[in-house]
Amino acid sequence: PAFQCAYRQTASMGLILARAYVASRALDFALSPPNGTAGLPSFAAGRVCVTGHSRNGKQSLLFAAFDERVGAVVGSSPGAPISSPYAYSSHNFYGEGPDAGTAGTWWLSSITQYSDDPGRMPMDGHGVLALIAPR
């Protein structure tokens, strides 16, 4: 409950980001288990793969973008706004976006300020993929 209070949900993306952070902390534990912890498989940084579908596909891509210890990621059907630029994320192009009814709830409400000029956005969906690409 304390963690959920710290990451109040103003949009679903806030919760997805929080879960990506928790995945990174879980990897901390897996790579360096505390003394006296027996029976855990061994892991090596850089040889970790993460996958997820839909909402968890978004989460897995964010986890890999911010944690360089992830060597590979498969985001199955992660949708927008993670895997596509804003300009191509609408009910006309990708099936979800800020103007797509309930599918638009992934987005922070502040995203609509870029509707007229998506190029002004400081970071776009394909930027997340670029953070992963060097691996």
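Since the model is a prediction, treat every value here as computed from it, not as a measurement.

Undergrad: How would you summarise unusual backbone geometry if you had to cite specific residues and measurements?
TA: In this structure, serine 54 takes a positive phi of about 60 degrees despite not being glycine. Looking at where serine 54 falls in the secondary structure, it is placed in the loop between strand E1 (48-53) and helix H3 (55-66). Residue classification places serine 54 among the partly exposed residues on the basis of a relative accessible area of 32%. Located in the positive-phi region is serine 77, a residue other than glycine, with phi close to 50 degrees.

Undergrad: Account for helix H2 (residues 12-31), naming residues and giving values.
TA: Between the first and last C-alpha of H2 there are 29 Å, a value that for 20 residues agrees with the 28 Å anticipated at 1.5 Å per step. Along H2, the residues that are buried comprise Ser12, Met13, Ile16, Ala18, Ala20, Ser24, Leu27 and Ala30.

Undergrad: Which residues make up the side chain of aspartate 67, and what are the values?
TA: With respect to the helices, strands and loops of the structure, aspartate 67 is situated in the loop between H3 and strand E2 (70-76). Within polar-contact distance, the side chain of aspartate 67 engages the side chain of serine 24 at 2.5 Å. Side-chain polar atoms of aspartate 67 contact the side chain of arginine 69, separated by 2.7 Å. If we ignore the near neighbours within four places in the chain, the residues touching aspartate 67 are Ser24, Leu27 and Arg135.

Thresholds applied
- Residues numbered from 1 in each chain as written.
- Predicted model: local features only at pLDDT ≥ 70, side-chain atom pairs only at ≥ 80, totals over all residues.
- Heavy atoms only, no water.
- Helix = DSSP H or I, 4+ residues; strand = E, 2+ residues; numbered from the N terminus.
- Buried < 20%, exposed > 50% of the residue type's maximum accessible area, 1.4 Å probe, protein only.
- Expected span 1.5 Å × (residues − 1).
- Polar contact = N/O pair within 3.5 Å; in protein donor to acceptor, adjacent residues only side chain to side chain.
- Contact = heavy atoms within 4.5 Å.

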